[in-house]
Amino acid sequence: MKDFNTDFLHAYFICGSQDVPEGKTLPGLVAEALAAGITAFQFRDKGSNSTLSEAERLPMAQKLHQLCYAYHVPFFIDDDVQLAQQVHAEGVHVGQSDEEIRQVIKEVGAQMIIGYSCSNLTQVEQANKISGIDYYGSGPIYATQSKSDADPEIGIAGLSQLVKSTTRPIVAIGGITASDLSAIAKTKAAGAAVISLIAQSNDIKQTVSQMLTAPWIKND
Ligand code: TZP
Ligand code: MG
């Protein structure tokens, strides 16, 4: 595994144009989240509710990367290695049904942090055999409104089982609210990744503070 501190997984914000509430813009929302102290950002623009055209996606990714860069926050692209290369993203996140993980590692594993979605024990055990993955995204912990094709909920017990089945850091995802953070941290997950908790927050500063101050334990 690349040698980096996994603290960047503590308060991981994921957002695309489809997740932005009325009256806000994506760059405005990301800027607010960065000012509040998020530790990672993933640009995940997909689905029928995306408001960006193909042509708009690259300049938007560049703009969001610049914002993250100014805060020294790693910038990830979901499921698009080419776009990640074009904007020199710090990382790329790949799902089970996305571009073959081994191919992604071959293409960009030397330069980028590689995240991989693993929702169950079989997927984690398979992924453990592949070298070059830096963290797993696991869930959904609870029901989510933000992903229409989400896998079944795994709950805190399911998360705990996955954390125990790997030496790699796991960031929990899916339906996470502020009151879940301490139970998630107790599983020794490395952090929480959220869309709506931040995107729909009335007080982003407070929400991110809650994420940062959860009792995260190093998974080593
Ligand atoms: N992968 C599994 S659940 C999910 C993704 C991208 C959506 C998480 O969004 P929210 O709003 O934090 O439930
Ligand atoms: Mg994906």
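As shown above, the structure is provided for reference.
We now turn to the structure provided with this report. (Residues numbered from 1 in each chain as written. Chains lettered and ligands numbered in written order. Predicted model: local features only at pLDDT ≥ 70, side-chain atom pairs only at ≥ 80, totals over all residues. Heavy atoms only, no water.)

1. What about the pattern of salt bridges?
Throughout the structure, instances matching the rule amount to six salt bridges. Measuring nitrogen to oxygen at the nearest pair gives 2.9 Å for the salt bridge that ties Arg57 to Asp45. Here Arg57 is found in helix α2 (residues 54-70), whereas its partner Asp45 is found in the loop between β2 (40-43) and α2, with twelve residues between them in sequence. Like Asp45, Arg57 is buried. Where Glu54 meets Arg57, a salt bridge forms, and the shortest distance between an N and an O atom there is 2.7 Å. Pair noted here: Glu54 and Arg57 are both in helix α2, with a separation of three residues, about one helical turn. Through salt bridges with shared partners, one network takes in Asp45, Glu54 and Arg57. (Salt bridge = Lys/Arg side-chain N within 4 Å of Asp/Glu carboxyl O. Helix = DSSP H or I, 4+ residues; strand = E, 2+ residues; numbered from the N terminus. Buried < 20%, exposed > 50% of the residue type's maximum accessible area, 1.4 Å probe, protein only.)

2. What to know about the site of ligand 1
Around ligand 1 lies a shell formed by Arg44, Thr144, Ser146, Lys147, Ile173, Gly174, Gly175, Val194, Ile195 and Ser196. Take Ser146: an N or O atom from its side chain is 2.5 Å from an oxygen atom of ligand 1. In isolation ligand 1 has 370 Å² of accessible area, and contact with the protein removes 92% of it. Here the shell around ligand 1 is composed, by residue class, of three nonpolar, five polar and two charged. (Near = heavy atom within 4 Å. Polar contact = N/O pair within 3.5 Å; in protein donor to acceptor, adjacent residues only side chain to side chain. Areas by Shrake-Rupley, 256 points an atom, 1.4 Å probe, with all protein chains shown as cover. Nonpolar A, V, L, I, M, F, W, Y, C, P; charged D, E, K, R; others polar.)

3. Some points on the nonpolar core
Counting 63 residues, the largest nonpolar core has Phe13, Phe41, Phe43, Phe75, Ile77, Leu159 and Ile198 as the members making the most contacts within it. A per-element tally of this core places helix α1 (residues 26-36) first, with six residues. In this structure, Phe13 is in contact with Leu29, Val30, Ala33, Ile38, Ala40, Phe41, Gln42, Val194, Ile195, Ile198 and Ala199, ignoring residues within four places of it in sequence. Within the second largest apolar cluster, twelve residues are counted, among which are Leu9, Tyr135, Ala190 and Ile195. (Core = buried A, V, L, I, M, F, W, Y, C linked by side-chain atoms within 4.5 Å. Contact = heavy atoms within 4.5 Å.)

4. With respect to the packing of aromatic side chains
Summed over all chains, the structure comprises seven aromatic pairs. Pairing Phe8 with Tyr135 gives two aromatic rings, centres 6.3 Å apart and planes at 80 degrees, and the pair type is edge-to-face. Of this pair, Phe8 sits in the segment before β1 (11-15) while Tyr135 is found in strand β6 (residues 135-138), placing the two residues 127 residues apart along the sequence. The two residues Phe8 and Tyr135 agree in class, both being buried. (Phe/Tyr/Trp six-rings, centres within 6.5 Å; stacked < 30°, edge-to-face > 60°.)

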